[in-house]
Amino acid sequence: MNSGLTVDTEYAENLDNVNANNWKLDVQITYPFPRSLEVLVLSKFAGVEHIQGTTPHTIYFSSIHHLRVLDLSYFKMKYFPNIVFNGTNYLEYVDLSGIDSTLYSGRNNIPLFKESKTLILKHARLGLTFKKVPIAVHTLTNLEVLNLERNNLQTINETFQQFFDLRNERIEASFQLKLSGNVFRCNCETSGFVLWISKTRIKLDKPARNYTCQLGNGTYTTTQKAAENFHEFYGNCENELWLRVGICLLVIFITFTTPIAVIVNFRWRIAYWVYRVFKRVVENDLRSKFKYDIYLSYSDDCFDWVKEMLISKIENTWKMKICIEDRDILAGIIRSDAISQSIHESKNIIFVISKSFTKKTWGNFEIQRAKYEKYTGHLQRIIVITRNVLVENFPIELDCILDDVFLVNWSDQEIENGWDKLRMALFSDYS
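The name given to the chain in an unreviewed UniProt entry is TLR7, with Mytilus edulis as the source organism. UniProt, in its Subcellular location (unreviewed entry) section for the chain, records the words "Membrane".

## Some words on the overall build of the chain
The helix and strand tally for the chain stands at 12 helices and 19 strands. Across the chain, contacts joining residues at least 24 apart in sequence account for 72% of those joining residues at least 6 apart. If you sum the accessible surface of the chain, you get close to 25300 Å²; carbon and sulfur atoms cover 54% of it.

## As for the layout of surface pockets
Looking at the second largest pocket, its volume works out to about 250 Å³. A total of six residues in the lining of the second largest pocket trace back to one element, the largest contributor, which is helix α6 (residues 230-265). Split by residue class, the lining of the second largest pocket holds six nonpolar, four polar and three charged.

## Points about the state of the cysteines
Going through the model one piece at a time under the given rule, you end up with one disulfide. Disulfide pairing places C186 opposite C213 at an S-S distance of 2.2 Å. The disulfide joining C186 to C213 has a torsion of about -110° about its S-S bond and is therefore left-handed. Of the two residues, C186 is situated in strand β11 (residues 184-186) and C213 in strand β13 (residues 212-215); the sequence distance between them amounts to 27 residues. In terms of burial, C186 and C213 fall into one category: buried.

## Here's the deal with the sheet that holds strand β19 (residues 405-410)
Spatial strand order, β16-β15-β17-β18-β19: five strands in an open sheet with parallel pairing. Looking along the sheet, the strands with just one partner apiece sit at the ends: β16 (322-324) and β19. Across this sheet, the average inter-strand angle for adjacent strands is 25°, counted without regard to direction. With six bridges connecting them, strand β15 (residues 292-298) and strand β17 (residues 346-353) associate as parallel partners. Note on β17: the bridge partner recorded for L296 is I350. In the packing of helix α8 (residues 303-317) onto the sheet, the strands contacted are β15, β16, β17, β18 (381-387) and β19, and the crossing angle to β15 comes to about 170°.

## Considering the nonpolar core
Note on soluble globular proteins: their nonpolar side chains tend to be buried together. Grouped together as the largest cluster of nonpolar side chains are 52 residues, with contacts concentrated most on L146, F164 and L177. Going through the elements one at a time, β6 (82-86), α3 (158-170), β11, α4 (191-199), β13, α5 (223-228) and α6 are the ones with two or more residues in this core. Among the elements that make up this core, the one with the highest residue count is α4 (four residues). Ignoring anything within four residues of it in the chain, the contact list for L146 reads L119, V137, F164, F175, Q176, L177 and K178. Counting 24 residues, the second-largest nonpolar core is a separate cluster that includes L310, I350, V408 and W419.

## Let's talk about a nonpolar patch on the surface
Taken together, V262, I263, F266, I270, W273, V274, V277 and V281 make up a surface patch of nonpolar side chains, about 710 Å² in accessible area. Breaking the nonpolar patch down by element, the ones donating at least two residues are α6 and α7 (267-287). The dominant element in the nonpolar patch, judged by the number of residues it contributes, is α7, at five residues. Following the sequence through the fold, F266 ends up in the loop between α6 and α7. Take F266: its relative accessible area is 37%, and that puts it in the partly exposed class.

## Describing the side chain of T221
Looking at the element boundaries, T221 is found in strand β14 (residues 220-222). Taking the relative accessible area as the measure of exposure, T221 reaches 12% and is therefore buried. For T221, the contacting residues outside a window of four places in its chain are Y211, T212, C213, L215 and F233.

Conventions used here
- Residues numbered from 1 in each chain as written.
- Predicted model: local features only at pLDDT ≥ 70, side-chain atom pairs only at ≥ 80, totals over all residues.
- Heavy atoms only, no water.
- UniProt positions renumbered as here; feature names shortened; annotations may be inferred.
- Helix = DSSP H or I, 4+ residues; strand = E, 2+ residues; numbered from the N terminus.
- Contact = heavy atoms within 4.5 Å.
- Areas by Shrake-Rupley, 256 points an atom, 1.4 Å probe, with all protein chains shown as cover.
- 1 Å grid on protein atoms, 1.4 Å probe; cavity = no way out; pocket = protein on both sides within 12 Å on 5 of 7 lines; lining within 4 Å.
- Points joined across faces, edges and corners; volume = space filled by probe spheres on them.
- Nonpolar A, V, L, I, M, F, W, Y, C, P; charged D, E, K, R; others polar.
- Disulfide = S-S within 2.5 Å.
- Buried < 20%, exposed > 50% of the residue type's maximum accessible area, 1.4 Å probe, protein only.
- Pairing = 2+ DSSP bridges.
- Axes fitted to C-alpha atoms, helices over the stretch in contact; angles between N-to-C directions.
- Core = buried A, V, L, I, M, F, W, Y, C linked by side-chain atoms within 4.5 Å.
- Patch = residues over 30% accessible without salt bridge, like charges linked within 9 Å, V, L, I, M, F, W, Y side chains within 5 Å.
- Salt bridge = Lys/Arg side-chain N within 4 Å of Asp/Glu carboxyl O.

Structure, rendered in structure tokens:
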């Protein structure tokens, strides 16, 4: 058996064994206990010291059907013993005064006293452990007297107020509650307790209901004065409540109106930003479908200008990829198929119209193919750059699609103007 004090109703067969057992590590003490015992008082008992590191003691009560009073008040201990009842107990009076409540909080001992009518918990330091009445008291359905004196309790919450009032009604207004020696809190959070203590019909140990309480500013008064001057002491609580409500509403208002105000004031910028993001996504998707940004068609008489100025500007400065017939279309492939495929794989097409463009071998074919790709939706833009060309030298194949052509009249005297127009034609859908 575990080290402990065992109290049994059976007489010891051999009491000579008691002294011998005291020297063993596993201590077992059997003591004769009368069956008719009704009161057991171990008040101010010095406790049982641990022997050579043995485990804390367990107190066994076996077949004590007549025991009605158990007094363990001011029992000196560092560990609250496990109390075990073998059989039904009928305890009516339990006194655990002076025993630190931290020793038995969270333990299963309180339910063993559920039939008790009187529970004494004076000097139990309940205020340090619970701040208020411990919830375990709620299970004592036969309770008639509860002594909570000198426990540093701060309040009695609404649940226990209702519990005490209900018990008082059931036992015909004879429920007793003793609260002397506690310093309660008299602030906005405990205002309900102050009103309850002044109106409840249960029997209090102070009929005048003048328990000491501390106000929010640190001064002391009594619950009686706090109740009599309730509006003076708690008048600002309503203001605090409405202030909190107002602050919450203000935060909610700001939270919702700020985004709405920003959206309304900057709606066009936001719409434009969304448009640009959407266009970038679309254009990035389109770029992945095209091999070239531009298919460039020109005649031999402007080869030098195209090579030194146009191609250099577009590829080196604007970082766009150009497909040039003489450079990018390999020999040995059917020319018409290669040109058709290259235009199909290009996003835009630029025609540089000069005096000899009409004499270009594949010029007319390129125009016809550009028209086809434009009408089928594969080609985004047809750009025509004219350089010192007369009307009679303008390809008649372009006349029927002039409405779909972006025309740039190039002048060597206004070069910057020409670059601006070309850039606008190529980048207007990106920026």
